[in-house]
Amino acid sequence: VANTMQQSKVTKKFELPLHIRKGVTDPALKLVLDKADPGQTGVVSLTALNDVLSEIDPAMLTKARAGSPSSTDRGSSPSPADLQRMQRVFSKIDHDGDGAIDLGEFMSITKKLMRQTGRSAPPERWLKSAFNSADTDESGRIGFDEFVATQTKLMQASGDI
């Protein structure tokens with residue numbers, strides 16, 4: 001009975017809703033999730049995840065990341081201090097705390113920043129276009145990896161890195 005009670009407290013599966021899974025931009029994490037949940041059911045057993053992690057070749061994860069646009073197109077990388085700043089900014093923009101910036105959050109912060117700098121907000125179609133440019137996985141949301149990639153490109157364009 002004690003063993004049964006103990007087992008009932010242990011989560012043997014976790015749910016990863018497809019809209020969140022589609023927002024995963026790290027190629028190594030995508031590889032692990034694809035192997036742990038090949039049918040993309042949104043439910044991953046801890047046993048399957050453990051099996052994948054124990055069997056996967058670390059070189060395969062490195063290769064997956066090396067081939068990703070976010071790592072090869074960037075050139076220079078932001079410093080750890082830049083990444084910390086980006087995380088703070090991202091968290092402030094992500095009002096609902098779901099780990100991604102949706103179009104409404106993006107438009108709201110952009111308009112607010114424009115007002116604060118005494119500029120008029122760009123047309124809505126421009127804001128949507130800018131949002132879509134940052135949303136490289138076309139999930140309708142900007143994940144942190146996409147945010148960092150976009151900020152890095154802006155920093156490179158301005159000569160900050």
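The structure under discussion appears in the preceding block.
Residues numbered from 1 in each chain as written. Predicted model: local features only at pLDDT ≥ 70, side-chain atom pairs only at ≥ 80, totals over all residues. Heavy atoms only, no water.

Help me get a handle on the overall build of the protein, residues and values and all.
When helices and strands are counted, the protein shows 10 helices and four strands. Put simply, the protein runs from its N terminus to its C terminus through helices and strands in the order α-β-α-α-β-α-α-α-α-β-α-α-β-α. Put simply, the protein has 161 residues, and 27% of those count as buried. Taking as baseline every contact in the protein between residues at least 6 positions apart, the subset at least 24 positions apart corresponds to 61%. Counting only carbon and sulfur atoms, one obtains 55% of the accessible surface of the protein, whose full area is about 10,600 Å². (Helix = DSSP H or I, 4+ residues; strand = E, 2+ residues; numbered from the N terminus. Buried < 20%, exposed > 50% of the residue type's maximum accessible area, 1.4 Å probe, protein only. Contact = heavy atoms within 4.5 Å. Areas by Shrake-Rupley, 256 points an atom, 1.4 Å probe, with all protein chains shown as cover.)

Just give me the short version of the pattern of salt bridges, but keep the residues and values in it.
Within this structure, the stated rule accounts for two salt bridges. The residue Arg 141 makes a salt bridge to Asp 98 at a minimum N-O spacing of 2.8 Å. Of this pair, Arg 141 sits in strand S4 (residues 141–143) while Asp 98 sits in the loop between helix H7 (80–93) and strand S3 (100–102), and the two are 43 residues apart along the sequence. The class of Asp 98 is partly exposed, set by a relative accessible area of 34%. Of the charged contacts, one joins Lys 128 and Glu 124 as a salt bridge, the two residues approaching to 3.5 Å between their closest N and O atoms. Linking Lys 128 with Glu 124, this pair stays in helix H9 (residues 124–134), spanning four residues, or about one helical turn. (Salt bridge = Lys/Arg side-chain N within 4 Å of Asp/Glu carboxyl O.)

Any chance you could break down the nonpolar core for me, citing the residues and the numbers?
If you look at the biggest cluster of nonpolar residues, it comprises 13 residues, and the most contacted ones within it are Met 86, Ile 101, Phe 106, Ile 142 and Phe 147. Among the secondary structure elements, those contributing two or more residues to this core are H7, helix H8 (103–116), H9 and helix H10 (144–158). Setting aside its immediate chain neighbours within four residues, Phe 147 contacts Met 86, Val 89, Phe 90, Ile 93, Ile 101 and Ile 142. In terms of nonpolar packing, the next biggest core, distinct from the first, is built from six residues, Ala 36, Val 44, Leu 49 and Ile 56 among them. (Core = buried A, V, L, I, M, F, W, Y, C linked by side-chain atoms within 4.5 Å.)

Requested: an account of unusual backbone geometry, with residues and values cited.
Apart from glycine, the bulk of residues carry a negative phi angle, and the bulk of peptide bonds sit in the trans form. The backbone of Glu 138 shows a phi angle near 55°, a positive value even though the residue is not glycine. Along the polypeptide, Glu 138 turns up in the loop between H9 and S4.

I'd like a rundown of the packing of H8 against H9, residues and numbers included.
H9 packs onto H8 with a crossing angle of 120° between their chain directions and a minimal axis gap of 10 Å. On the basis of their axis angle, the class for H8 and H9 is oblique. With respect to the hand of their crossing, H8 and H9 are arranged in right-handed fashion. Two secondary-structure elements touch here, H8 through Leu 103, Phe 106, Met 107, Thr 110 and Lys 111 and H9 through Glu 124, Leu 127, Lys 128, Ala 130 and Phe 131. Of the residues in the contact of H8 with H9, the class split is six nonpolar, one polar and three charged. (Axes fitted to C-alpha atoms, helices over the stretch in contact; angles between N-to-C directions. Parallel < 35°, antiparallel > 145°, perpendicular 65-115°, else oblique. Left-handed = near helix turned anticlockwise from the far one by under 90°. Nonpolar A, V, L, I, M, F, W, Y, C, P; charged D, E, K, R; others polar.)

If you had to explain the packing of helix H3 (residues 27–36) against helix H4 (residues 46–55) to someone new, which residues and values would you point to?
For the pair H3 and H4, the least separation of the axes is 9 Å and the interaxial angle reads 125°. Taken together, the axes of H3 and H4 lie oblique to each other. Seen along the crossing, H3 lies across H4 with a hand that is right-handed. Between H3 and H4, the residues in contact are Val 32, Lys 35 and Ala 36 and Ala 48, Leu 49, Val 52 and Leu 53, respectively. Split into classes, the residues belonging to the contact of H3 with H4 amount to six nonpolar, no polar and one charged.

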